[in-house]
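Reading the structure
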Amino acid sequence: MEKFGTLTAIAAAYPKVNVDTDLIIRVERCAGTPREALGPWAFEMVRYRPDGSEDPGFVFNREPWREAKILVAGENFGTGSSREMAVWALARMGLRCVIAPSFGEIFFGNCLQNGLLAIRLPADEVRRLMALASAPASATFTVDLARQTINGTTRFEISPRPKRMLLEGLDELGLTLAMEPEIAAFQAMDRPRRPWIYL
Amino acid sequence: MGRSLFEKLWDLHVIAELGDGMQLLHVDRHILNELSGSRAQLDNAKRSLKPRHPQLTLGVADHVVPTEPGRAGDKTPWAKNVMQIFRDESRRDGILLLDVNDPDQGIEHVIGPESGFTLPGTLLVCGDSHTCTNGALGALAWGIGSSEVCHVLATQTIVQPKPRSMRARFEGALPPGVTAKDLMLALIGKYGTTGALGHAVEYAGAAIRELEIEGRMTLCNLSIEFGAKIGMVAPDEKTYAYLKGRRHAPQGALWDQALAHWRTLPSDPDARFDREVALDCSGLVPQVTWGTSPEDVIGVDGRIPDLKPEALAYMGLSPGQPLAGTRIDRVFIGSCTNSRLSDLRAAAAIARGRRVAAHVEAWVVPGSMRVKREAEAEGLHEVFRAAGFQWREPGCSMCVGANGDLVGPGERCVSTSNRNFVGRQGPGARTHLASPATAAACAVAGEITDARTL
């Protein structure tokens, strides 16, 4: 997984609330499109007009936000379906960081699995960042994961374990495979306690 | 101090503390579908990772399978491709796969409980957000992403931060014609789709004890629409009676041992919850959504509120207009929310002796092959067909729209599913979520209507 250090990049504001993962990636793309090719299909229902042309009303279709790597989003971003393809599509579109007042919980976990930094901030702070992101002159943000700051001043919270995973590009599965003795010990204790579990 | 059902279940599964609130938990049961599962299977194969306990994973084809009668209509090459990967990898890994024509095939959250694969006290995960449905049996169940599916397959564990606990009490008796679907939509309407974010919810109260197991599944199913990954109902005598004798349920002495364990699981009387919410059921009417989020919901006798102009424009509705009387094009009765035998009985009771309006296309998609067989044994398929409904094959169908089962652009569909999101049932589709009885009544009336006054 790509390590997350300090990111300086354009931030795009997308204030819509309850953006669901169906809107981020349609189900047909989830099964029929290779992971690497999902980027152009992110947000397709709001990004393109029915004739396939770009909708200029969508922020990622305008300069300078075409190059955005940071998304400042509304409440409950990524709600709904567990489809991890939503995160893959955003990552392939170029995003490294999403900032919102709250996230759909499964989406939030999926971000971490893919090195996408999801940051929860109070709603008023998100509104302030959206205002900055909406003007080209102030749309370049610096996200420093080690210091847990945005633009040097806004502090965000992240638990130590996810932080270390992102900073070092660690893969959760790799970490757990190294815990095989603990897993075996648990099952040895649990099997007599709940024998009907082990089919 | 007493402990809650959630705390007891959580503690039973902790393998190791990973620091700062993260824990490594044992996964007792894992359900794999072709959509999220096949990707994970390929990823693990690339890393030469085999399933640690293939017998604790149940594979089922549901998302992309065709539901046309006789399984015709499989016209999407990518769906065939996904299914082939799923079959090949499941065979290689030794995972039991309930394929399209298996007599036990169905929607994963229908067949988990009905096969006894889901049990009280189990930690169950699956790469689908509606895995919370399984909490109806007193399981600790939630939906996961594809990377987590890889993790579960290879290690039989999952890493999670412990959520906060919430109890949602439904007090008062359910009025006639008001169902579990209406209860949960009303709760989501009251507290919003972020109402339970960060919480594991236990549904409690007199109205929940009265609910049959399938109604509890509908209730728990919509936990994710309430913002919670986990929803659960404490197991009771109804739960045990439901499970006894099912294919994967323990038998003989193991059953007795399991039963003794399950009886210890319900929340202690003095259990504390981080948050408590409540809903009085006694005055409820059938609920129907008007917008593009499950929280956009009113009673079927209500008027469209002056809120969310973007959602109203998408839905083609105006503030102040009565919801009832809105002309519809389609009705979908199915999905992991409302496709079980009791749901089909409720819809058939409305459809019996009536006709679907001429301008409406109405579908019934049973949740599983078993549900289909049981419904047909009661003659429900004849009731539906005689009324002009299509009687189809089990699958996720028009809830997720991954198999060509789509609502057309601008068409209005009353659906017993769980999501009325923009484009969820097809680009431009307008979805109204409702109970099976309401959906059947709307099909007959050709417009949104109150089943109680049909």
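About the cut-offs
- Residues numbered from 1 in each chain as written.
- Chains lettered and ligands numbered in written order.
- Predicted model: local features only at pLDDT ≥ 70, side-chain atom pairs only at ≥ 80, totals over all residues.
- Heavy atoms only, no water.
- Pairing = 2+ DSSP bridges.
- Helix = DSSP H or I, 4+ residues; strand = E, 2+ residues; numbered from the N terminus.
- Axes fitted to C-alpha atoms, helices over the stretch in contact; angles between N-to-C directions.
- Contact = heavy atoms within 4.5 Å.
- Buried area = accessible area lost by both parts, 1.4 Å probe.
- Salt bridge = Lys/Arg side-chain N within 4 Å of Asp/Glu carboxyl O.
- Domains from an automatic or database assignment.
- Polar contact = N/O pair within 3.5 Å; in protein donor to acceptor, adjacent residues only side chain to side chain.
- Nonpolar A, V, L, I, M, F, W, Y, C, P; charged D, E, K, R; others polar.
- 1 Å grid on protein atoms, 1.4 Å probe; cavity = no way out; pocket = protein on both sides within 12 Å on 5 of 7 lines; lining within 4 Å.
- Points joined across faces, edges and corners; volume = space filled by probe spheres on them.
- Core = buried A, V, L, I, M, F, W, Y, C linked by side-chain atoms within 4.5 Å.
- Buried < 20%, exposed > 50% of the residue type's maximum accessible area, 1.4 Å probe, protein only.
- Phe/Tyr/Trp six-rings, centres within 6.5 Å; stacked < 30°, edge-to-face > 60°.
- Lys NZ or Arg CZ within 6 Å of the ring centre and 35° of its normal.

Residues and elements named next belong to chain B. Spatially, 1-2-8 is the arrangement adopted by the 3 strands of the open sheet, whose pairing is antiparallel. For this open sheet the edge positions go to strand 1 (14–19) and strand 8 (157–161), each flanked by a neighbour on one side alone. Sheet twist, expressed as the average angle between the axes of neighbouring strands with direction ignored, equals 25 degrees. Pairing between strand 2 (residues 22–26) and strand 8: 5 bridges, direction antiparallel.

Before going further, it helps to examine the interface of chain B and chain A. Chain B puts 75 residues into the contact, and the matching count from chain A is 59 residues. Buried surface at the junction of chain B and chain A, summed over both partners, amounts to about 5100 Å²; 59% is from carbon and sulfur atoms. Interface area lost by chain B to chain A is led by B:Asp20, B:Arg39 and B:Arg52, which between them contribute 12%. Applying the counting criterion to the chain B and chain A interface returns 6 salt bridges. A salt bridge links B:Glu310 to A:Lys16, with the nearest nitrogen and oxygen atoms 3.8 Å apart.

Residues and elements named next belong to chain B. In terms of domains, chain B is made up of domain 1 (1–284) and domain 2 (288–453). On a C-alpha basis, the centroid separation for the pair domain 1 and domain 2 is 24 Å. In this assembly, 42 residues from domain 1 lie in contact with 42 residues from domain 2. Across the salt bridge formed by Arg419 and Glu225, the nearest N and O atoms sit 2.8 Å from each other. The interface formed by domain 1 and domain 2 contains 27 residue pairs in polar contact (both at pLDDT 80 or more). Secondary-structure elements contributing two or more residues to the side of domain 1 that touches domain 2 are helix 4 (108–114), helix 6 (180–191) and helix 8 (213–221). The greatest single-element share of the side of domain 1 that touches domain 2, amounting to 5 residues, is contributed by helix 6. A class-by-class count of the residues in the side of domain 1 that touches domain 2 yields 15 nonpolar, 16 polar and 11 charged.

Next up on the list: empty space enclosed by the protein. Applying the stated rule across the entire model yields 2 cavities of 30 Å³ or more. Estimated volume of the largest cavity: approximately 250 Å³. Around the largest cavity sit 28 residues that line it, and A:Ser81, B:Leu35, B:His63, B:Asp128 and B:Val400 are the ones nearest its centre. Broken down by secondary-structure element, the contributors of at least two residues to the lining of the largest cavity are helix 2 (34–46) and helix 4 of chain B. Both of domain 1 (1–284) and domain 2 (288–453) of chain B provide at least three residues apiece to the lining of the largest cavity. Taken as a whole, the second largest cavity encloses approximately 70 Å³ of empty space. Forming the walls of the second largest cavity are A:Asn76, A:Gly78, A:Thr79, A:Gly80, A:Ser81, A:Gly104, A:Glu105, A:Ile106, A:Phe107, B:Leu197, B:Ile224 and B:Gly227. Across the lining of the second largest cavity, the residue classes break down as 4 nonpolar, 7 polar and 1 charged.

Here the focus is the nonpolar core. Among soluble globular proteins, nonpolar side chains are generally buried collectively. With 139 residues, the main nonpolar core has B:Trp142, B:Phe170, B:Tyr203, B:Trp262, B:Phe384 and B:Phe389 as its most contacted residues. Each of two domains, domain 1 (1–284) and domain 2 (288–453) of chain B, supplies a minimum of three residues to this core. Residues in contact with B:Phe170, not counting those within four places in the same chain, are B:Leu183, B:Met184, B:Leu187, B:Tyr203, B:Ala204, B:Gly205, B:Ala206, B:Ala207, B:Ile208, B:Leu219, B:Leu279 and B:Cys281. Membership of the second largest hydrophobic core comes to 35 residues, among which are A:Ala42, A:Phe43, A:Ala86 and A:Leu116.

Here the structure, examined in full by the defined rule, presents 44 salt bridges over all chains. Between A:Arg128 and A:Glu125 there is a salt bridge, with the nearest N and O atoms lying 2.7 Å from each other. Placement of both A:Arg128 and A:Glu125 in helix 6 (residues 123–134) is noted, with a separation of 3 residues, approximately one turn of the helix. B:Asp236 serves as the salt-bridge partner of B:Arg216, at 2.8 Å between the closest nitrogen and oxygen. Highlighted residues: B:Arg216 in helix 8 and B:Asp236 in the loop between strand 11 (230–232) and helix 9 (237–243), separated in sequence by 20 residues. Each member of the pair, B:Arg216 as well as B:Asp236, is classed as buried.

Mapped onto the fold, B:Arg29 is located in strand 3 (residues 29–33). Among the polar contacts made by the side chain of B:Arg29, one reaches the main-chain carbonyl oxygen of B:Phe117 at a distance of 2.9 Å. Excluding residues within four positions of it along the chain, B:Arg29 makes contact with A:Trp196, A:Ile197, A:Leu199, B:Leu56, B:Phe117, B:Leu119, B:Thr122, B:Leu123, B:Leu124 and B:Val125.

What follows is about the packing of aromatic side chains. If you walk through the whole model with that rule in mind, you get 15 aromatic pairs over all chains. When the centroid spacing of 5.4 Å and the interplanar angle of 75 degrees are considered together, the rings of B:Phe384 and B:Phe389 count as edge-to-face. This pair shows no difference in class: B:Phe384 is buried, exactly as B:Phe389 is. Three or more aromatic residues link up through ring pairs in this structure, and these residues are A:Tyr14, A:Phe43, A:Phe58 and A:Phe60. The lysine or arginine in question, A:Arg35, covers the ring of A:Trp88, its NZ or CZ lying 3.8 Å from the ring centre.

Tracing the backbone through its elements, the reader meets B:Asn44 in helix 2. Measuring from C-alpha to C-alpha, the distance between B:Asn44 and B:His26 comes to 19 Å, with 18 residues separating the pair along the chain. Beyond its immediate stretch of four places on either side in the chain, B:Asn44 contacts A:Leu173, B:Leu49, B:Cys150, B:Leu153 and B:Ala154.

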